[in-house]
Amino acid sequence: MPARSGVVAPPGWSRWLVPPAALSIHLAIGQAYAWSVFKPPLESSLGLSGTASALPFQVAIVMLGLSAAFGGTLVERNGPRWAMSVSAVCFSSGFLVAALGAATRQYWLVVAGYGLIGGTGLGIGYISPVSTLIKWFPDRPGMATGIAIMGFGGGALIASPWSAALLSHFGTDSSGIARTFLVMGVAYAVFMTPGVLLVRVPPGSRQPPGGAADRAPSRELVTSAQVSARNALRTPQFWCLWVVLCANVTAGIGILEKAAPMVTDFFADSSSPVSAAAAAGFVGVLSLANMLGRIVWSSASDITGRKNVYRLYLGAGALMYLVIALAGSSSKPLFIVCAGVVLSFYGGGFATVPAYLRDLFGTYQVGAIHGRLLTAWSTAGILGPLIVNSVADAGKSAGRTGPGLYTTSFLVMIGLLAVGFAANELVRPVHPRHHEPAGDGGRPPAAVPEKGAGR
């Protein structure tokens, strides 16, 4: 890491100060999941369609994947303080540009601000603490990254009521939306700054790849060698994990994106239909499951191994979808529990994958590898809503109602999860030909087979 980063921890620095620094960034950028709060005011004040009002969010998610993929190497090269600073500047200024767009009724500025500029901040901020946390917590990488990435899932729990309160205070016309964006941009800049100032890297992170400080414990499909981001893309392990992440995210976001209308449709013909308030509560339950899954399942992966916990995500996730398809309409508690479990796997998958990458490729450039892998998120962000919405729209055109609107899409999700399960089973230790030369000039040590991989 360049000396100019100036964030190498002094002797005696507590590693437990680093997760709160990362959390300050992720809690802020997690606001993206609360964009739906702005959709109705934008539609009414600017005369937008539902599709148009979703455009800033869609652009932001696409930019998240692209900026993470193309900026990952810069994050590794320049260090976490640089990355968190870029994230804070882009994410906060995105709100300010969006505020100008709302105030002048120039919707393209809202899309450019929140989507393009803010989305760049999302991607850089999302991957900024990953490699640093893994280096600080080589003994518990799943827990460490889970704490930070939990913030991204939980950010909406803060942003959603806060945004609604600001809109209620300032008004839902274009002027009120502009003031809300302005306040949020300034507030997030202030909130993210302590994380920028607090973050540190361990002194050992200056060592070359293959150095002792970078070597991971010999357990659970963990390599003691190092693989560069360039070489990682040449391995079947990277692309297997790409399929695994894409399948898991597609299955989760398919429910999350359409949660409120889905639960309403499922019980519309029952003796006790779901009210709008109850549907909103269901969305809150899913957000909580998403957040808790990120810390619970990622921490469990430190004990069970990454491959085993993804077997749970994909196998049990397919089972939950099957239960919802066959019996979900018979019981609201059953529907809520199954959907909540799926969303906990969705969040857990995000939080566990950085540790999985570390196990396979080492800590050298793991942030850059993670950034490239997040293109699977961008793909899933298109696939999940497209599958669920297109099937539901076709069902409505055919005169179907209730659970019949979603049965086909659920079966598609089960198929995708099965593909992801198979891809996870194909993951093996990375071949030594992809390893970086060891720091001492010797031959890179080989990977250690996963404990219990045959179970």
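Predicted, not measured: the structure shown is a model, and the values here were computed from it.

A. Layout of the confidence of the model for the protein chain. Taken over all residues, the pLDDT of the protein chain has a mean of 83, while the share at 70 or more is 89%. Below a pLDDT of 50 lies the segment residues 1-5, which in the model reaches 13 contacts outside its immediate sequence neighbourhood of four places, other chains included. Counted against residues more than four places away or in other chains, residues 440-455, with its pLDDT under 50, gives 37 contacts.

B. Looking closely at the nonpolar core. In this structure, Tyr126, Phe181, Tyr321, Tyr346, Phe350, Phe361 and Trp377 are the most contacted members of the largest nonpolar core, which totals 131 residues. By residue number, the principal contributor to this core is helix H15 (residues 332-361), which donates 14 residues.

C. Seen up close, the layout of surface pockets. Quantified by volume, the largest pocket comes out at close to 1,100 Å³. Contributing to the lining of the largest pocket are 37 residues, with Ser36, Lys39, Phe57, Leu256 and Glu257 lying nearest its centre. Secondary-structure elements contributing two or more residues to the lining of the largest pocket are helix H2 (39-46), helix H3 (50-53), helix H4 (55-78), helix H8 (141-170), helix H11 (236-256), helix H12 (259-266), helix H13 (276-304) and helix H17 (375-397). Looking at which element gives the most residues to the lining of the largest pocket, the answer is H17, with six residues. Of the residues assigned to the lining of the largest pocket, the class counts are 22 nonpolar, twelve polar and three charged.

D. Region of interest: the pattern of salt bridges. For the structure shown, the criterion picks out seven salt bridges. A salt bridge links Arg306 to Asp302, with the nearest nitrogen and oxygen atoms 2.7 Å apart. With respect to class, Arg306 is no different from Asp302; both count as buried. For Asp359, the salt bridge is made with Arg306, and the minimal N-O distance between the two is 2.9 Å. Within this pair, whereas Asp359 is found in helix H15, its partner Arg306 is found in helix H14 (residues 306-327), the two being separated by 53 residues in sequence. Given the relative accessible area of 1%, Asp359 is considered buried.

E. Focus on unusual backbone geometry. At Arg105, a residue that is not glycine, the phi angle is positive and equals roughly 60°. Inspection of the secondary structure puts Arg105 in the loop between helix H5 (80-104) and helix H6 (107-127). We classify Arg105 as partly exposed; its relative accessible area is 47%. Positive phi values are uncommon outside glycine, yet Gln365 reaches one of about 60°. Following the sequence through the fold, Gln365 ends up in the loop between H15 and helix H16 (366-373).

F. Quick peek at the environment of Tyr406. Along the chain, the position of Tyr406 falls in the loop between H17 and helix H18 (407-425). Accessibility expressed as a relative area gives 0% for Tyr406, which makes it buried. The spatial distance from the C-alpha of Tyr406 to the C-alpha of Asp393 is 9.7 Å, given a sequence separation of 13 residues. Residues within four places of Tyr406 in sequence aside, it is in contact with Lys258, Pro261, Met262, Asp265, Phe266, Val388 and Ala392.

Basis of the calculations
- Residues numbered from 1 in each chain as written.
- Predicted model: local features only at pLDDT ≥ 70, side-chain atom pairs only at ≥ 80, totals over all residues.
- Heavy atoms only, no water.
- pLDDT = per-residue confidence, 0-100.
- Contact = heavy atoms within 4.5 Å.
- Core = buried A, V, L, I, M, F, W, Y, C linked by side-chain atoms within 4.5 Å.
- Buried < 20%, exposed > 50% of the residue type's maximum accessible area, 1.4 Å probe, protein only.
- Helix = DSSP H or I, 4+ residues; strand = E, 2+ residues; numbered from the N terminus.
- 1 Å grid on protein atoms, 1.4 Å probe; cavity = no way out; pocket = protein on both sides within 12 Å on 5 of 7 lines; lining within 4 Å.
- Points joined across faces, edges and corners; volume = space filled by probe spheres on them.
- Nonpolar A, V, L, I, M, F, W, Y, C, P; charged D, E, K, R; others polar.
- Salt bridge = Lys/Arg side-chain N within 4 Å of Asp/Glu carboxyl O.

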